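Chain by chain, the residues run as shown.
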Amino acid sequence: MIKCEKITKSYFVGGTRTSVLKDVSFEIGEGEYVAIMGPSGSGKSTLMHILGALDRPTSGQYFLDGKNVFDLSEEEMAAIRSEKIGFVFQSFNLLPRSTVLRNVILPLIYNGHVPKATRRAKAEKALNAVGLETDQWTHLSNQLSGGQMQRVAIARALINDPSIILADEPTGNLDSKTGAVVLDTFQKLNKESGHTVILITHDKHVAEHAKRIIEIKDGEIISDSPC
Amino acid sequence: MIFSDLFEETIFSMSSNKSRSALTILGIVIGIASVIALISVGQGTSKGITDRIESLGTNLLVVMPGQQRQAGNIVRGGMGSSQTLTLEDAEAIKTGVTDITAVAPTVSARKQVAVKGKNTNTSIYGIDTSYFGIKNIEMELGAQITDQQIKSRAKVAVLGPTTRDDLFDVEANPVGQKIKISGQEFTVIGVTKAKGGTGMGSSDDLIYIPLATAQQYIIGNQSISNINIQVSSADLMSFVQAQVQELLLQRHRIADATQADFSIMNQADMLSAMSSVADTLTLLLAAIAGISLLVGGIGIMNMMLTTVTERTREIGLRKSLGATSNDISSQFLAESVSLTFIGGIIGIIVGWGASLLIGKLGSLTTVITLWSVLLSVGVSTLVGVVFGYYPSRRAAKLDPIDALRYQ
Ligand SMILES: Nc1ncnc2c1ncn2[C@@H]1O[C@H](COP(=O)(O)OP(=O)(O)OP(=O)(O)O)[C@@H](O)[C@H]1O
Ligand SMILES: [Mg+2]
């Protein structure tokens, strides 16, 4: 479902061109659990933004379900993000001063295909899937612990029932114990609901939770192997 | 994004920073309230002027003695100082000019009036029977002056209500009582209804007596002070004015119109001159108020730009969750329009209150018109759109990745 062909992303900084991604090619099939691993600055986040239709490559082709994302308009890219992609960020990015439920429902207001009446049920399903206790649903997001916040963020990523979950350093801000809970959540989502999960990390131990590891360095793939 | 979501997001966003929203709304409230209040003052002034002139009678031409100035209709010399108009002139106008409904010659003078020790100085008007009709004067008490009383030079008087209050008790019935005008004893036969207004042109502070009586006993000659002519329709004012002019020039044997020994005041001309002054005043006041509205609008823009900057990360997040640029810009636009709309509504209420207060406390009349209210709502909403547009575009154009990285 994901097919990258010679993706290059370059930035011009101070008149010189630096390529963050260099001719990156790979494929990820439906239902895979892939970790993209690499040191800081290797271009992992840049790649994730491209995979999530938030950004366009400078050159190369990125096909998502057969559609060349490069050719899509802004609106069409937004529609893809809304319907097919669920982002989980390192820094959670929850709306402060808003309840857990409001945060989880947020993506639905930008998805015209979901009737308003079904929102609550969908939110409950997503929150149950990440294992957040019912009594916390009406808490404000800034009253939660880091692990709880990240699970709310994952529930938010799930609400549109996306085929792909993109998680950028989802455990980077968590201690190893809460990190393990979050990684368990991804594992379950992959195993039980068949979501394609792409996990970005610089941590080998985190990457080992996945079924396949793509390693990049300086914008190039240096290894791609199952584990 | 559906409307109800947009609405909820807007309410949420405004209430998440209540004091800032309130201050921004205050800016608009002040702007709109001053527009409403100042326009109401302008309109009130304009209506006051129109009412005053119309209370003098409708479709009125007034012929006054005295020389005419080269450049306008201003009479040289005080009222009644020249004695160039006569009753025969009035008669000639009545018979010789078409499209008039009534002609009322009057004699006027200021005299000392006394009643049982009370003294006052007031205008004495010698009138004939058509005068009250032309001036729309109605009786509060007693009877009008009759033809018989004019012919017989009867010493009878009709009082204006203010004069009655001055000479007798307030609201008293003086009919049948005697008063002394210039030492002559007159019998009060009636009191006119109050018409409002004070000072020059007020019909409340004077005494009416029969025309012939006034000529004989009060001023002592046969001249008259002016001739009021009521024209049958407003369109014919200038036409009738020209006829009167020609007739009187002929009668007074004056060849050159600039040398005329009388002048004709056209009520319609006066009305339009005065209302154009009042309209300019309204416009000026509205412009001043408009400036404060503009300042309020800049306040909106300032607040929205701050909000956009503060919420940059949130904008990036919303985009990553599937929001389009249009979703983002409509959210910010909805917020600024809501702020100005709320400000507009409160501003109308405050402005309304202020204008009522000005009307109550000051000597100014205020009039709130529907158009000034609609204009304010429209303008305030427009301010929201105009000053919210740039911040909302700025929010919409943010690159989601840059926005997410923003610290
Ligand atoms: N807008 C930009 N302009 C110029 N250079 C950029 C821009 N965005 C990213 N880069 C550069 O691209 C490189 C890769 O960035 P990226 O965020 O993808 O790294 P990463 O692998 O996610 O690192 P980390 O593990 O620290 O998150 C970095 O060297 C960064 O400086
Ligand atoms: Mg990164």
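Here the structure is a predicted model, which means the values were calculated and not measured. (Residues numbered from 1 in each chain as written. Chains lettered and ligands numbered in written order. Predicted model: local features only at pLDDT ≥ 70, side-chain atom pairs only at ≥ 80, totals over all residues. Heavy atoms only, no water.)

(A) View of the interface of chain B and chain A. Taken together, the 24 residues of chain B in the interface contact 22 residues of chain A. Buried area between chain B and chain A, both sides added, is near 2200 Å², and the carbon and sulfur share of it is 56%. The tally of links from chain B across to chain A stands at four salt bridges. We note a salt bridge from arginine 119 of chain A to aspartate 5 of chain B, for which the minimum N-O separation is 2.6 Å. Run the count over chain B and chain A and you get nine residue pairs in polar contact (both at pLDDT 80 or more). With six residues, helix H10 (residues 312–320) of chain B is the single largest residue contributor to the side of chain B that touches chain A. Here the residues of the side of chain B that touches chain A sort into nine nonpolar, seven polar and eight charged. (Contact = heavy atoms within 4.5 Å. Buried area = accessible area lost by both parts, 1.4 Å probe. Salt bridge = Lys/Arg side-chain N within 4 Å of Asp/Glu carboxyl O. Polar contact = N/O pair within 3.5 Å; in protein donor to acceptor, adjacent residues only side chain to side chain. Helix = DSSP H or I, 4+ residues; strand = E, 2+ residues; numbered from the N terminus. Nonpolar A, V, L, I, M, F, W, Y, C, P; charged D, E, K, R; others polar.)

(B) Representation of a negative patch on the surface within the structure. The grouping of Glu74, Glu75 and Glu76 of chain A together with Asp399 and Asp402 of chain B at the surface amounts to a negative patch. Residue contributions to the negative patch peak at three residues, all from helix H2 (residues 74–84) of chain A. Position of aspartate 402 of chain B among the secondary structure elements: in helix H13 (residues 400–405). (Patch = residues over 30% accessible without salt bridge, like charges linked within 9 Å, V, L, I, M, F, W, Y side chains within 5 Å. Areas by Shrake-Rupley, 256 points an atom, 1.4 Å probe, with all protein chains shown as cover. Lys, Arg positive; Asp, Glu negative; His and termini not counted. Charge placed at Lys NZ, Arg CZ, Asp CG, Glu CD.)

(C) Seen up close, the sheet that holds strand E9 (residues 212–217) of chain A. Residues and elements named next belong to chain A. One open sheet accounts for six strands, arranged E6-E7-E8-E3-E9-E10; its pairing is mixed. Either end of the sheet is taken by a strand with one partner, and the two such strands are strand E6 (85–88) and strand E10 (220–226). Within this sheet the neighbouring strands show an average axis-to-axis angle of 15 degrees, counted without direction. Across the sheet, helix H1 (residues 44–51) is in contact with strand E3 (33–37), E6, strand E7 (164–168), strand E8 (196–201) and E9; its angle to E7 comes to roughly 155 degrees. (Pairing = 2+ DSSP bridges. Axes fitted to C-alpha atoms, helices over the stretch in contact; angles between N-to-C directions.)

(D) Molecular detail of the side chain of asparagine 226 of chain B. Residues and elements named next belong to chain B. Residue placement: asparagine 226 occurs in strand E9 (residues 226–231). A polar contact of 2.6 Å, which involves the side chain of asparagine 226, links it to the side chain of threonine 106. Setting aside chain neighbours within four positions, we find asparagine 226 in contact with Val62, Val63, Met64, Leu85, Ala104, Pro105 and Thr106.

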